[in-house]
Amino acid sequence: MFSKTINGDKDISKRLCSQATSLRTQLQQHIDKDELSSAIKIAEASITNDCIVALLAMMQSVDRDPNNDFRPISTSSDASLEMADVALLTLSDLYTMAEMHLKLQGWHPVDQSDKVSGGIVYEHDNGEISEEPNYEKMSWQMKLMLSIPVLIEPGCVNGEVVWAATVVHYEHNGAQENQSDLECSELPPNCISVLDVLKSDEDGKSSRLRGTYNGCWRGLYADALGEMDTSHSIGQRLESWTETTLAGLSVANEELTRILMIGLGCGQLVSFLQNHVAGVELQVVEASQSIVDIAVKYYQFPTCALENVQITDPIEYVKWQCSQGQVGGEYDTIIVNVCSSDDVFPNHLLNDQFFNGLVSMLSNHPTATLLLNSGVSADVVSTLVDEACKHIHGHRSGHALLLREYLLRDHSTSDDEGVIVAARRREWSLTVEDWQREHYGDNAQFSGAMDVTNAQRTQVVRLEKFLSLEDIETIRSVAKAKLASIEPASSALEKHTNSWKVLYLQSDDTFQQKLPALRQRILEAVRQVDKDNWHLFDNVDHVNIRVVEYHQMDEYGELADPRHYDLNSLLTMDMMLSEDGAFEGGDLQTEEVDGTLKKHEFKQGDALIFVSHKYHCVNRVRSGRRNVMVLEFWYGPERLCSHRCEKFGSEICMRDPGQDMYTQQFHPNLKQRDDSSTSILFPFRLGSVSACKADSREILELLWEPCGNTEVEPNKPLVAAKEQVDDKALSDAFACFGDSDSDSDDDSLAEEYGMTTQS
């Protein structure tokens, strides 16, 4: 740990304190002279030199007592206390200066520390309110400075002090001799850091992701060279879209298993392929010994795998391979993943010789694949790949595909972050169907769901007064009885947040047994709406109810993600149970083709039916209580398990008591995968491919989705036993950065979930 290293070296501690104090003095001198722009330049130069990570490590070097307002414990040395104090003051000064600059742009902070620890929102002069204020040409350094209140606020998990970003390892090798950690240089810094970053998804589930950053750390959402959830073993699962894409396109079947990987990262991708691809032959080329050491020490990369890791310059390795004079290359897949933390492809590799060598090293198999994480260098990398394909293979035209992440964020025309350049020996039509057939062969199956892009063009259908008041009272009565019959820890109850709870009425066949007439009427109505509008049910052999959810949202409850959709379902049906006027806010909204959110009229008894892959959200409930019943329809069994099941088609859910009956009825010939199968069973599959234009280039946007294949559970130790925390504990940790209030354990379930016959 960097913090322990600086604690044990008084010279380092003294030097860092001196540098931090010097930085504070420089900033204050310019601010006193009304030279805010000059102070900003100094601050941004220091941040570019990675001073934020060094300051965080200094601040975290002191052991703190979570039971005493996180005050330093008495055993802390005077030197470490001084260093932590100086670091905290320096970080506070950086934020104060950023706040002063932000006010000149019309943004003013609104303190929400009574609700969110370290939390600040900003209000613009025009009335706009945002947690992430922005203005034209706002630098990433400024964004990082504005995140400092969250970075300096500690939290607690299972008695352990945690931070939004914990510095695990940090080394700063100055570009100039004797350059110190916090001092600026005209040359780029050579920094490598490992940080544990707390992150949560839209459902409030939290995890601690350990990432390696080669170069300056750019904040909580910076792309890591490699990333791993610390609650899992290395190679068990992949976290980033980039690594998922590199794995997903690397191996079509178990006959093509010779892989060259240039760039080890944290070892996650290498270990994942070793765990999931039987007989894989992996050769790794890594230029940095430090990266290899970090993978072993902080990610538990197995030392037995080091025999396949060669520490050398990639250019020299490619030259050596090409000098062997082999007709037809040695590798079925070549992966190049060497971008720095600022997402730039190394300049010294951008030459014809290197790229010609990569293409010539591919085997003669028609699906032999070259994959390069180009970062923001997509233009030059794709051009070099095209030229290499023409030169080596004699292709008449460019052969490179440009791939980037689909849906998770909007892309500007100049935004090339995370672009992967891919090429094969033959023409490559990358579609979901082709990918499924290559990877699963006869086992390929499709959900029948509408492509996400096409789904946005569809309209929501409203059935007015579909439910009578008698229907609603019956539904409430069934929900209340269900709630009373289950144990408090039952998975049939899901608490997304304190303000949003869900009861699964399909569990144990409750919905079918207690509401058979309503169930039949719902099925008939949905089939008719589909026939009149979309014909999705024609795409699959049979359609059943996937899930029946009784939702309750109280004040502050919301489904905030505007691009949420119901993965692998065909249609979704929402029915309003609450009386008109029982709540304010809580509007169901869908994103339309023009990008705007459309608010839908939704009164008591109404049913809204829409294509499940259409983006939809629910804005915040401002007051009252919102109750709805939600059903999803899919190609799969009518599930009886007490959760929203992810296993469709012929996939088997071990938690569903009705699985055997469904398998016998619809998949009587279903066989377990035998040892002779050549298909690759990844825990994800390609879900959508959408073409778009950017700067006259065609880019394919890929969406990967989870599938029912069981994740590999290798018999390896986790990163560190003391760092293993469950989802509940991590969610509580996030409460130190958000709302930490919880319902009393003494409350009855009925009171906690509020599921009574009253609206």
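Residues numbered from 1 in each chain as written. Predicted model: local features only at pLDDT ≥ 70, side-chain atom pairs only at ≥ 80, totals over all residues. Heavy atoms only, no water.

Chemist: How do you make sense of the pairing of strand β15 (residues 333-336) when you look at a structure like this?
Modeler: The two faces of the sheet receive side chains in turn, since in a regular strand these alternate between them. In β15, alternate side chains face the same way, and those of T333 and I335 on one face and I334 and V336 on the other are all buried. In this view, the connection linking β15 to its parallel neighbour strand β16 (residues 369-375) by way of helix α12 (residues 352-360) has right-handed handedness. (Buried < 20%, exposed > 50% of the residue type's maximum accessible area, 1.4 Å probe, protein only. Helix = DSSP H or I, 4+ residues; strand = E, 2+ residues; numbered from the N terminus. Right-handed = clockwise from strand over helix to strand, strands pointing away.)

Chemist: Would you take a moment to explain unusual backbone geometry for this structure?
Modeler: When glycine is set aside, most residues are seen to have a negative phi, and most peptide bonds are trans. Of note, K137 is a non-glycine position whose phi angle comes to about 60°, a positive value. Since its relative accessible area comes to 78%, K137 is described here as exposed. Positioned with a positive phi, D509 is a non-glycine residue whose angle comes to about 65°. Within the fold, D509 resides in the loop between β21 (500-504) and α17 (510-514).

Chemist: So what exactly am I meant to see when it comes to the sheet that holds strand β19 (residues 461-463) here?
Modeler: Neighbouring strands of a sheet are bound in pairs by backbone hydrogen bonds; such pairs are parallel or else antiparallel. Ordered in space as β19-β27-β23-β30-β22-β21-β20, the 7 strands form an open sheet in which the pairing is antiparallel. The two strands at the open ends of the sheet, each matched to only one other strand, are β19 and β20 (493-497). Each strand of the sheet is rotated relative to its neighbour by a mean of 20°, with strand direction disregarded. When β19 meets strand β27 (residues 607-611), the two strands line up antiparallel, connected through 3 bridges. Each bridged residue has a counterpart across the sheet, and for V461 the counterpart in β27 is I609. Together, β20, β21, β22 (544-553), β23 (571-576) and β30 (626-634) form the strand contacts of helix α16 (residues 469-485), whose direction differs from that of β21 by roughly 90°. (Pairing = 2+ DSSP bridges. Axes fitted to C-alpha atoms, helices over the stretch in contact; angles between N-to-C directions. Contact = heavy atoms within 4.5 Å.)

Chemist: Help me understand helix α8 (residues 241-248) in this model?
Modeler: Since one α-helical turn is 3.6 residues long, residues separated by three or four positions face the same way. Counted residue by residue, α8 has 8 buried out of 8 residues, so it is predominantly covered. Taken as a whole, α8 has its buried residues at W241, T242, E243, T244, T245, L246, A247 and G248.

Chemist: Explanation requested: the environment of L102 in the structure shown.
Modeler: Assignment of secondary structure puts L102 in helix α5 (residues 78-104). Owing to a relative accessible area of 1%, L102 belongs among the buried residues under this scheme. In the structure, L102 is positioned 36 residues away from M138 in sequence and 9.9 Å away in space, judged by C-alpha atoms. With near-sequence residues (within four places) excluded, L102 lies in contact with W107, Y122, P133, Y135 and L146.

Everything listed here is a matter of geometry and, on its own, says nothing about what the molecule does.
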